[in-house]
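# Analysis of the macromolecular model
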Amino acid sequence: MMIEPSMRDALLAAVPSLRAFAISLSGNVDRADDLVQETLLRALSHIDSFQPGTNLNAWLFTILRNLFHSEYRKRRREVEDADGVYAARLSTQPEQGARLDLEDFKAALTRLPPDQREVLLLVGASGFSYEEAAEICQCAVDTIKSRVNRARTRLSQMLAVESVDDIGPDDKTRAALQATG
């Protein structure tokens, strides 16, 4: 794109005033220089919308001011995290371990006797009370409690779960998550 030499000279002549205005708005010399550069780029890309004979400086200052306020609104929604502390707290567990654990659980569940699997799914997964499960299975509440207990014990053995700590991430993953948190 070619611009007239007089327009180029007028744009360059406006730079010191634009820079001073940008510094007063942002309070930061580096940020001000970025604003001036972005203002000049916008002005050049929209030079055809400038009305010759009108005030070029007013047009440039309006572009700079609008850029500053747009960026201010955008930055207000952002969280400054220069030292990375906030980002470190956003760590998540890797998904592949959980997916493999779920596959292991599904396989173990299918190896349970049908009556134990049925009551475990009713009470554990569907949220029915022991009484409701007994009514559904047409048996005594104590029978349901016994089947659920045996199913949980057997699943724990099949999955090598010895304590609550065995559920969730492994020791290495847990240590890594604690180190970042």
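The rules behind the values
Residues numbered from 1 in each chain as written. Predicted model: local features only at pLDDT ≥ 70, side-chain atom pairs only at ≥ 80, totals over all residues. Heavy atoms only, no water. Helix = DSSP H or I, 4+ residues; strand = E, 2+ residues; numbered from the N terminus. Expected span 1.5 Å × (residues − 1). Phe/Tyr/Trp six-rings, centres within 6.5 Å; stacked < 30°, edge-to-face > 60°. Buried < 20%, exposed > 50% of the residue type's maximum accessible area, 1.4 Å probe, protein only. Arc of directions from axis to C-beta.

## Examining helix H8 (residues 141-158)
Taking 1.5 Å per residue, 18 residues should reach 26 Å; H8 reaches 26 Å between its end C-alpha atoms and fits that length. Note on H8: the residue one or two positions beyond its end, Ala160, has a positive phi of about 55°.

## A look at the packing of aromatic side chains
The description of an aromatic ring pair uses the distance of the two centres, along with the angle that the planes make with each other. What the rule picks out here adds up to two aromatic pairs. Between the aromatic rings of Phe21 and Phe61, the centroid separation amounts to 5.1 Å while the plane-to-plane angle is 35°, which identifies the pairing as tilted. Placement of Phe21 in helix H1 (residues 5-26) and of Phe61 in helix H3 (residues 56-76) is noted, with a sequence separation of 40 residues between them. For Phe61, a relative accessible area of 24% puts it in the partly exposed group. Ring centres 5.1 Å apart and planes at 45° place the aromatic pair Phe50 and Trp59 in the tilted group. Under the relative-accessibility criterion, Trp59 is labelled buried at 18%.

## Details of unusual backbone geometry
If a residue is not glycine, its phi is most likely negative; likewise, a peptide bond is most likely trans. The phi angle at Gln138 is positive, at roughly 55°, despite the residue not being glycine. You can see Gln138 is positioned in the loop between helix H7 (130-137) and H8.

## A look at helix H6 (residues 114-125)
Turning to H6, its buried residues are Gln116, Val119, Leu120, Leu122 and Val123. Looking straight down H6, one finds its buried side chains confined to an arc of 165°; they lie on one side. For H6, the exposed residues lying more than 90 degrees away from the buried face are Pro114 and Ala125. Two residues or fewer past H6, Gly127 is found with a positive phi of approximately 85°.

In short, the description is geometric, and any link to function would need to be established separately.
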